[in-house]
Each structure stands twice: as C-alpha cells, then as structure tokens.
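Single-letter residue listing:
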Amino acid sequence: MGLRGDYTQAGADFSVEQDWSRYTAEEHALYRRLFDRQSKLVPRYACPEWIRAIAHLDAAREIPRFDQVSSKLRAATGWEIVAVPGLIPDAAFFTHLANRRFPVTVWLRRPDEFDYIVEPDVFHDFFGHVPLLFDRVYADHLHEYGKGGLKAMRLDAVKMLARLYWYTIEFGLMTTAQGVRAYGAGLLSSGGELAYCVDDPKPRRLPFDLERIMRTGYIIDRYQDSYFVIDSFDQLMRETAPDFTPIYARIRSSQ
Ligand code: PHE
Ligand code: CO
C-alpha cells in the first residue's frame, strides 16, 4: 500500500479531485520530458493498438486534464478516469474497474526519479494504461478483470489473479506482424525496460498460459525474468473468459 500520496481528502471509493491548477510549471515540464523520451521508443516497441490510441489524446504538452480525457473515453468505450491519491485497496480498485472507471494517480514523480519509480505515478498510469482503454477489446477485458477481482476476493484468490494482471496489463507482450511488441503499462512507461523486453536475449518470452501465469511469482523492483506473449487482445479475452474457480482450487491444492 503506497503511502506517498495524500489520502486525507479521499472519498470512500478513494477518489479525489485532480485539482489540475495545482500542478507547477516544473511538473508539467518533467511530464513533458518523460513523454518525449518514451515517444522516441514507442514507434518501435509499442503494440499498434496503443500507437493508434495515443494519437487521439493530445497528451504530449502537459499533465492531462482527466475530465477532458474522460469525455473522449466515455464516447469511445464507455470508460472514464477517476483520480486517486496513489495505490488503493483491492476492493476499491476492483470496484472501479468493474464500473469502467480507471484509477489514475494524481501526483508526478520527483526529478530524481526520472528513470525509476516503484509506485505508480500519473505518468505511468496515464501513459501506460489510459491509451489502451480506447481499444474496445482491451477495455472490455479490463472490465471483466474488475468483476473477476471482486469474485477472487470472495474466493481468497487475489494473489493468483494479481499475477495475471502483472503479466498482462502491466508487463504483457504481444506478437504482431512487425514482431514482438509491448502492451503492458509497466513496459510502455519505462525508459529502460521497453527496449529490454523486446530486444534483449536474456528474459524468457513464453506463450500466454493462464495457469502458468497464476503460478509464477514476480519481482517489483527490477526488470522481469519472464514475459508472457499474447497473439491479440481477442486471445486474452477468450483465455480469461472461463470460470477461474476450479483453476484457483487446482493451483492452491498443488502448492
Ligand atoms: N473468468 C474469470 C473468473 O471467472 C474472470 C476474469 C475475466 C478475470 C477476465 C480476469 C480477466 O474469475
Ligand atoms: Co500500472
């Protein structure tokens, strides 16, 4: 649970006002530098759905106004952005997703965290996650994930479901006509790992395998050892559609 943000103003659902006027000129400039660096990498390393979506967004100059982006998103896929102080509890997070609301952290990292940050900030959340919410299939999948999260809480299986999120929504790769590309937000927003995950011979790149993913632990403070590669968001949707209840039970009984 990240304690860096200001949770004192948060509502019961952990939402806050973005209060866009409070960002400083220095913060907008830092955001722009982050955006410029990643923009040089994404044509080569990002999946086509992400590249298509960023064009609608006009998000390169300054920290975006969430309400403006939400209007576009609502029209495109019925999603909206909800401002949050940082990481939020599972129940609140899953409930937002299950209602097609994506929580985006309001604060921006410090200049000395340009290359690396452990907690998600507005740059990671916005640049990494929000563009893909314009893709119909991805958007529908994340909605299903949110509902699946509430169910996993009842089944005491959040740890297994969180691994799915980690190896897809955060660090997922996709096969495209141009080769392997990133769609995971942790990759898209990373200055170093975005090229590493595609080009470096060291990490494993395994075909998507739901049960294997749910059995695979992960590390949060360095580049991943293993990535899982999907063929398409349609495949991700299809593979995650079955009832996970027996899968959770099987994994649990063999560990
Ligand atoms: N099919 C999952 C279940 O029954 C729900 C889910 C859908 C989870 C999509 C993640 C992604 O629990
Ligand atoms: Co993220």
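None of these values were measured; they are calculated from a predicted model.

## Digging into the site of ligand 1
Then, number 1: Around ligand 1 lies a shell formed by H141, E144, Y145, G148, K151, L161, L164, T240, A241, P242, D243 and F244.
Then, number 2: In the complex, the protein chains occlude 93% of the 330 Å² of accessible area that ligand 1 would expose alone.
Then, number 3: Of all the secondary structure elements, the ones that give two or more residues to the shell around ligand 1 are helix 6 (136-154) and helix 7 (158-170).
Then, number 4: A breakdown of the residues in the shell around ligand 1 according to their chemical character gives six nonpolar, three polar and three charged.

## Some thoughts on the coordination of the cobalt ion (ligand 2)
Six octahedrally arranged donors around a metal ideally form angles of 90 or 180 degrees; four tetrahedrally arranged donors ideally form angles of 109.5 degrees.
Then, number 1: Bound to the cobalt ion (ligand 2) are the protein donor atoms H124 (NE2), H129 (NE2), E170 (OE) and E170 (OE), situated 1.9 to 2.7 Å from the metal.
Then, number 2: Given four donor atoms and angles of 53 to 139 degrees at the metal, the environment of the cobalt ion (ligand 2) is assigned as irregular.
Then, number 3: All donors of the cobalt ion (ligand 2) come from a single chain, and their spacing in sequence reads H-x4-H-x40-E. Placement of H129 in helix 5 (residues 122-129) and of E170 in helix 7 is noted, with a sequence separation of 41 residues between them.
Then, number 4: When its relative accessible area of 1% is taken as the criterion, H129 is described as buried.
Then, number 5: Its relative accessible area of 12% is what places E170 among the buried residues.

## Some thoughts on the layout of surface pockets
Then, number 1: Of the pockets and cavities examined, the largest pocket occupies roughly 1200 Å³.
Then, number 2: With five residues, helix 7 is the largest single contributor of residues to the lining of the largest pocket.
Then, number 3: Looking at the lining of the largest pocket residue by residue, the class counts come to 24 nonpolar, ten polar and ten charged.
Then, number 4: Grouping the amino acids of the lining of the second largest pocket by side-chain chemistry returns six nonpolar, three polar and six charged.

## Section: the pattern of salt bridges
Then, number 1: Evaluated as defined, the whole model comprises 16 salt bridges.
Then, number 2: Taking the shortest distance from any N to any O, the salt bridge between R61 and D58 comes out at 3.1 Å.
Then, number 3: Residue R61 is classed as partly exposed on the basis of its relative accessible area of 47%.
Then, number 4: On the basis of relative accessibility, which here comes to 55%, the residue D58 falls in the exposed class.
Then, number 5: Residue K202 is joined to D200 by a salt bridge in which the shortest nitrogen-to-oxygen separation is 3.6 Å.
Then, number 6: By relative accessible area, which is 64% here, K202 ends up exposed.
Then, number 7: Within this structure, R4, R110, D112 and E113 form a network of salt bridges that share partners.

Conventions used here
- Residues numbered from 1 in each chain as written.
- Chains lettered and ligands numbered in written order.
- Predicted model: local features only at pLDDT ≥ 70, side-chain atom pairs only at ≥ 80, totals over all residues.
- Heavy atoms only, no water.
- Near = heavy atom within 4 Å.
- Areas by Shrake-Rupley, 256 points an atom, 1.4 Å probe, with all protein chains shown as cover.
- Helix = DSSP H or I, 4+ residues; strand = E, 2+ residues; numbered from the N terminus.
- Nonpolar A, V, L, I, M, F, W, Y, C, P; charged D, E, K, R; others polar.
- Donors = N, O, S within 2.8 Å, 3.2 Å for Na, K, Ca; no water.
- Tetrahedral: all angles 85-135°; square planar, octahedral: opposite > 155°, others 65-115°.
- Buried < 20%, exposed > 50% of the residue type's maximum accessible area, 1.4 Å probe, protein only.
- 1 Å grid on protein atoms, 1.4 Å probe; cavity = no way out; pocket = protein on both sides within 12 Å on 5 of 7 lines; lining within 4 Å.
- Points joined across faces, edges and corners; volume = space filled by probe spheres on them.
- Salt bridge = Lys/Arg side-chain N within 4 Å of Asp/Glu carboxyl O.

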